[in-house]
Amino acid sequence: MKFRFWCEFPDDVDWEKLAKWLNELDLDIEIYTAVRSRKDFNKLKKKISHFSERIEANPWPVLDKKDGYWFSGFVSKENIDLLDDFKDLKIKIDVEPPLPDESYTFFSGSKWVLGGLFKKSKNSEYLREKIKKLDKETKIIASSFPMPKFMLRRFGWEEAKENNFMFYPSFAPLWIRWLYRFLFRFFIKMNKGANIAIGLIGVGIFGDEPIYKSLSEFKTDLNFLDKNKVKKCFIFELSAVTRRGKEWLQVIKDYS
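Undergrad: How should the sheet that holds strand E7 (residues 195-198) be read in this particular structure?
TA: Through backbone hydrogen bonds, the strands of a sheet pair up, either in parallel or in antiparallel fashion. Read across the open sheet, the 8 strands follow the order E3-E2-E1-E8-E7-E6-E5-E4; overall the sheet is parallel. The open sheet has two free edges, formed respectively by strand E3 (55-61) and strand E4 (91-94), since each of these has just one partner strand. Each strand of the sheet is rotated relative to its neighbour by a mean of 30 degrees, with strand direction disregarded. Note: strand E2 (residues 29-35) against E3, 7 bridges, orientation parallel. Bridge assignment links Glu30 to a residue of E3, and that residue is Glu56.

Undergrad: How should the state of the cysteines be read in this particular structure?
TA: As used in these notes, a disulfide is a covalent bond between sulfur atoms, one from each of two cysteines. What the rule picks out here adds up to 0 disulfides. In this model Cys7 remains outside any disulfide bridge; the closest cysteine sulfur is found in Cys233, 16 Å from its own. Here Cys7 falls in the buried class, since its relative accessible area comes to 0%. Classification of Cys233 as buried rests on a relative accessible area of 0%.

Undergrad: Teacher, can you tell me more about a nonpolar patch on the surface here?
TA: On the surface, a cluster of nonpolar side chains totalling about 650 Å² of accessible area is made up of Trp178, Leu179, Phe182, Leu183, Phe186 and Met190. Locating Leu183 in the fold gives a position in helix H7 (residues 177-190).

Undergrad: Please explain the layout of surface pockets as it appears in this structure.
TA: One way to see where empty space is left: roll a probe the size of a water molecule over the atoms. Estimates place the volume of the second largest pocket at around 340 Å³. Among the elements of the structure, E2 and helix H2 (38-51) are those that each provide at least two residues to the lining of the second largest pocket. When residues in the lining of the second largest pocket are grouped by element, the largest group, 4 residues, is from H2. Of the residues that constitute the lining of the second largest pocket, the class distribution is 7 nonpolar, no polar and 8 charged.

Undergrad: Is there a simple way to think about the environment of Asp85 in this case?
TA: Following the sequence through the fold, Asp85 ends up in the loop between helix H3 (77-80) and E4. The exposure class assigned to Asp85 is partly exposed, which follows from its relative accessible area of 39%. The spatial distance from the C-alpha of Asp85 to the C-alpha of Trp248 is 34 Å, given a sequence separation of 163 residues. Once residues lying within four places of it in the same chain are set aside, the contact partners of Asp85 are Ser37 and Arg38.

Undergrad: How should the pairing of strand E5 (residues 140-144) be read in this particular structure?
TA: Along any regular strand, the residues point their side chains to alternate faces of the sheet. The element E5 is largely enclosed, with a buried count of 5 among its 5 residues. Relative to E5, E4 is paired through 4 bridges, and the arrangement is parallel. When the bridges of E5 are listed, Lys92 appears paired with Ile141. Two strands pair when backbone bridges link them, and E5 and strand E6 (residues 162-167) are joined in this way by 4 bridges, in the parallel orientation. Bridge assignment links Ser143 to a residue of E6, and that residue is Asn164.

Undergrad: I keep staring at the packing of helix H1 (residues 15-25) against H2 and nothing clicks. Help me out?
TA: Between two packed helices, both the angle of their axes relative to each other and the distance between the axes serve to describe the pair. Where H1 meets H2, the closest approach of the two axes is 9 Å, and the angle between their N-to-C directions is 45 degrees. One element, H1, and the other, H2, form an angle in the oblique class. Of the two elements, H1 crosses H2, and the hand of that crossing is right-handed. Packed against H1, whose contacting residues are Trp15, Glu16 and Ala19, the element H2 presents Lys47, Ile48 and Phe51 at the interface.

Undergrad: Which parts of the structure should I look at to understand the packing of aromatic side chains?
TA: Any two aromatic rings considered together are summarised by their centre-to-centre distance and by the angle between their planes. Following the criterion strictly, the structure yields 19 aromatic pairs and no others. With 6.0 Å between their ring centres and 45 degrees between their planes, Trp157 and Phe165 make a pair best called tilted. For Trp157, a relative accessible area of 0% corresponds to the buried category. Of the aromatic side chains, those joined through ring pairs into one cluster are Trp157, Phe165, Phe167, Tyr180, Phe184, Phe187 and Phe224. Here Lys92 stacks its cationic end above the ring of Trp6, 3.7 Å away from the centre of that ring.

How each quantity is defined
Residues numbered from 1 in each chain as written. Predicted model: local features only at pLDDT ≥ 70, side-chain atom pairs only at ≥ 80, totals over all residues. Heavy atoms only, no water. Pairing = 2+ DSSP bridges. Helix = DSSP H or I, 4+ residues; strand = E, 2+ residues; numbered from the N terminus. Axes fitted to C-alpha atoms, helices over the stretch in contact; angles between N-to-C directions. Disulfide = S-S within 2.5 Å. Buried < 20%, exposed > 50% of the residue type's maximum accessible area, 1.4 Å probe, protein only. Patch = residues over 30% accessible without salt bridge, like charges linked within 9 Å, V, L, I, M, F, W, Y side chains within 5 Å. Areas by Shrake-Rupley, 256 points an atom, 1.4 Å probe, with all protein chains shown as cover. Salt bridge = Lys/Arg side-chain N within 4 Å of Asp/Glu carboxyl O. 1 Å grid on protein atoms, 1.4 Å probe; cavity = no way out; pocket = protein on both sides within 12 Å on 5 of 7 lines; lining within 4 Å. Points joined across faces, edges and corners; volume = space filled by probe spheres on them. Nonpolar A, V, L, I, M, F, W, Y, C, P; charged D, E, K, R; others polar. Contact = heavy atoms within 4.5 Å. Parallel < 35°, antiparallel > 145°, perpendicular 65-115°, else oblique. Left-handed = near helix turned anticlockwise from the far one by under 90°. Phe/Tyr/Trp six-rings, centres within 6.5 Å; stacked < 30°, edge-to-face > 60°. Lys NZ or Arg CZ within 6 Å of the ring centre and 35° of its normal.

Here's what the structure looks like:
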């Protein structure tokens, strides 16, 4: 498999430690890191290159929390237009409903995602056209939930040359993960060639999402993706890898 990384918290990454591990493992990586502007990205990329030339850094544009954080048809056209600042770079566009106020639980998370399908998102078409336009000018990864495409379009998602869908078994209790993997097999078959994001190694922006409790849980899901012939995989999340240990990188190299 080809592995790349989502980096939601670049300020929490121990770049010096990561650079050391990459040298020891003789491993080069590509990351997409959350930034709020082109200026922020340029500054961060310079910082990363100071520590290691083994890291290819690309932007993952996000908004201020008060503006929704992720891009979707629920945010303003002015915020959607901020994507133009990155048009000549490789970028990830994460299409999800606005960040809710409540903390994460399985119930609140389900309500957040499914509830968005029944709300009117007035700028969905505008975002979809923006993605189409940018996809002609740069390399976009259009990322969202593992749901039917007609549902994702209600959020403003649009298919790009490269697409990514989330496979996060850590969200499900251990006793039911077999069912989650069984159902996800069919999604993989219907979306051949897509990137599959796997996790969670560490919490995301909610701050309290369920994560892998052990390396063996991670290996089980990597085995599942390998068995189902997934060729391109994103790992969530890079700062957590530097907190949890070099062995997480070693496993990723072993499956590469």
